[in-house]
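One-letter residues, chain by chain:
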Amino acid sequence: KVYLSMGNWEQALKFQLESIDIKEKVHPEDHHSFANSYQILSKILNGLNRRQEALDYAQRAVTILDRLSEKSQKFPNVKYGGIQDSPLQRISGRR
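A brief report on the enclosed structure follows. It should be emphasised that the depicted structure is a prediction, and the values quoted were computed from it without experimental measurement.

1. A look at the overall build of the chain
Right, on to step 1. On a plain count of helices and strands, the chain comes out with 5 helices and 0 strands.
Right, on to step 2. In the chain, which comprises 95 residues, the share counted as buried stands at 32%.
Right, on to step 3. Split by element, the accessible area of the chain, about 6,400 Å² in all, is 51% carbon and sulfur.

2. Section: the packing of aromatic side chains
Right, on to step 1. According to the stated counting rule, one finds 2 aromatic pairs in the structure shown.
Right, on to step 2. For the pair Tyr38 and Tyr57, a centre-to-centre distance of 5.5 Å together with 50° between the ring planes defines the contact as tilted. Here Tyr38 is found in helix α3 (residues 32-47), whereas its partner Tyr57 is found in helix α4 (residues 51-74), with 19 residues between them in sequence.
Right, on to step 3. Taken together, Phe34, Tyr38 and Tyr57 form an aromatic cluster joined through their ring pairs.

3. Details of the pattern of salt bridges
Right, on to step 1. In this structure the tally under the stated criterion is 2 salt bridges.
Right, on to step 2. A salt bridge links Asp21 to Lys25; the shortest N-O distance between them is 3.5 Å. With Asp21 and Lys25 both in helix α2 (residues 9-26) and 4 residues apart, the pair spans about one turn of that helix.
Right, on to step 3. Given the relative accessible area of 36%, Asp21 is considered partly exposed.

4. Overview of the environment of Ile64
Right, on to step 1. Position of Ile64 among the secondary structure elements: in helix α4.
Right, on to step 2. Sequence spacing of Ile64 and Glu29 is 35 residues, and the spatial spacing of their C-alpha atoms is 8.6 Å.
Right, on to step 3. Residues within four places of Ile64 in sequence aside, it is in contact with Glu29, Asp30, His31, His32, Phe34, Ala35 and Tyr38.

The rules we used
- Residues numbered from 1 in each chain as written.
- Predicted model: local features only at pLDDT ≥ 70, side-chain atom pairs only at ≥ 80, totals over all residues.
- Heavy atoms only, no water.
- Helix = DSSP H or I, 4+ residues; strand = E, 2+ residues; numbered from the N terminus.
- Buried < 20%, exposed > 50% of the residue type's maximum accessible area, 1.4 Å probe, protein only.
- Areas by Shrake-Rupley, 256 points an atom, 1.4 Å probe, with all protein chains shown as cover.
- Phe/Tyr/Trp six-rings, centres within 6.5 Å; stacked < 30°, edge-to-face > 60°.
- Salt bridge = Lys/Arg side-chain N within 4 Å of Asp/Glu carboxyl O.
- Contact = heavy atoms within 4.5 Å.

In structure tokens:
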């Protein structure tokens, strides 16, 4: 995120892809942390004028959040990451 805030898109891309690679080794593909990672990756790709790729990753993030929202409706007492709110609720500010 430091490189992202500095506008150093290439370095931000490198480290974000490494971060996602690590997550892929330890989490299932629909893990809530991927939604945030894909959203950040989308922002980086957009900054690099790679619009279609940015859109693709933004859609991946939305897909994961939609799945998590469906799960939280089916199982409202399931905890995500040790907290009661689902990631979608935290991002949208709804509780």
